[in-house]
Amino acid sequence: DECPPPNAPRDYHEESLGRTARWAARCKEAHGKEDQALFGIVQGGLFPDLREQSLRLTVEIGFDGYAVGGLSVGESRAAMLETLALTALGLPAGRPRYFMGIGDPVGILQVIALGVDMFDCVLPTRLARHGAALTPDGRLNLKNAKFRHDLGALDPECSCATCAGYSRAYLAHLVRENELLGHRLLTLHNVNFTVDLCRRARLEILAGRFERWSQAWISRYSGNQTA
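Residues numbered from 1 in each chain as written. Predicted model: local features only at pLDDT ≥ 70, side-chain atom pairs only at ≥ 80, totals over all residues. Heavy atoms only, no water.

### Focus: the pattern of salt bridges
Per the stated rule, a full pass over the model turns up eleven salt bridges. For D104, the salt bridge identified is with R77, shortest N-O distance 3.0 Å. Placement of the pair is D104 in the loop between β3 (97-100) and α4 (105-113) and R77 in helix α3 (residues 77-89), with a sequence separation of 27 residues. R77 gets classed as partly exposed once you look at its relative accessible area, which sits at 32%. Several salt bridges share partner residues, and in doing so they unite E2, E15 and R19 into one network. (Salt bridge = Lys/Arg side-chain N within 4 Å of Asp/Glu carboxyl O. Helix = DSSP H or I, 4+ residues; strand = E, 2+ residues; numbered from the N terminus. Buried < 20%, exposed > 50% of the residue type's maximum accessible area, 1.4 Å probe, protein only.)

### Remarks on the nonpolar core
L71, M80, L84, L91, F99 and V111 are the most contacted members of the largest nonpolar core, which has 16 residues in total. Elements with a minimum of two residues in this core: β2 (65-68) and α3. Top contributing element to this core by residue count: α3, with three residues. Among all residues touching L84, those that are not within four sequence positions of it are V68, L71, F99, V111, L114 and V116. (Core = buried A, V, L, I, M, F, W, Y, C linked by side-chain atoms within 4.5 Å. Contact = heavy atoms within 4.5 Å.)

### Some remarks on the pairing of strand β5 (residues 132-135)
Sheet faces and side chains relate simply in a regular strand, where the side chains alternate between the two faces. Side chains A132 and L134 of β5 all project onto a buried face; the interleaved residues A133 and T135 project onto the opposite face, where all are buried too. Bridge count between β5 and strand β6 (residues 138-141): four bridges; the pairing is antiparallel. Bridge pairing links A132 to N141 in β6. The turn joining β5 and β6, which pair antiparallel and follow one another in sequence, is formed by two residues. (Pairing = 2+ DSSP bridges.)

Take a look at the structure:
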């Protein structure tokens, strides 16, 4: 697909979605691997009618799954969610839905609530490279002086190898010294945290408790962002 910036003019978005649809048709025609899923990508920027047009063109081609592109690229979170909700309504039931490029915990739960099944993002590893850890009580910035003598686990609720074997103080030392081990240990934790969040979300969906659980989870996470 072609992913224009959100502030691109309408005529550019219209031209771009047409190009994406033509590429999608060519991809579908050329695709020959039965063990490989092919996803069509819906574009259209923040314009509802262009989203609907791109959605119709993509679904008409027919794919194993469908991706929502062109969001989480600089627009407001409110605009992103509004456009995603509009797009998700027209995606075929029973086909996986993939949101391209979201990885913050709150955003993950918000797009799941709108029917998204899959997503990808560099955020867990990027945060680790900058000395930050994801926890249920918000992000921890291990560059902060208060962690220098904190012998507690990075996240007492986490069972990953980092939390089981290394203290906040030691991880903070590695971060301050720019040791690659620190980046790796924080990456291990952040990826484990994100995967576990998705696993828990799935269990809550199956139990019929997702909305209440996710609201409580987001409230706890968002209320502790000063760590």
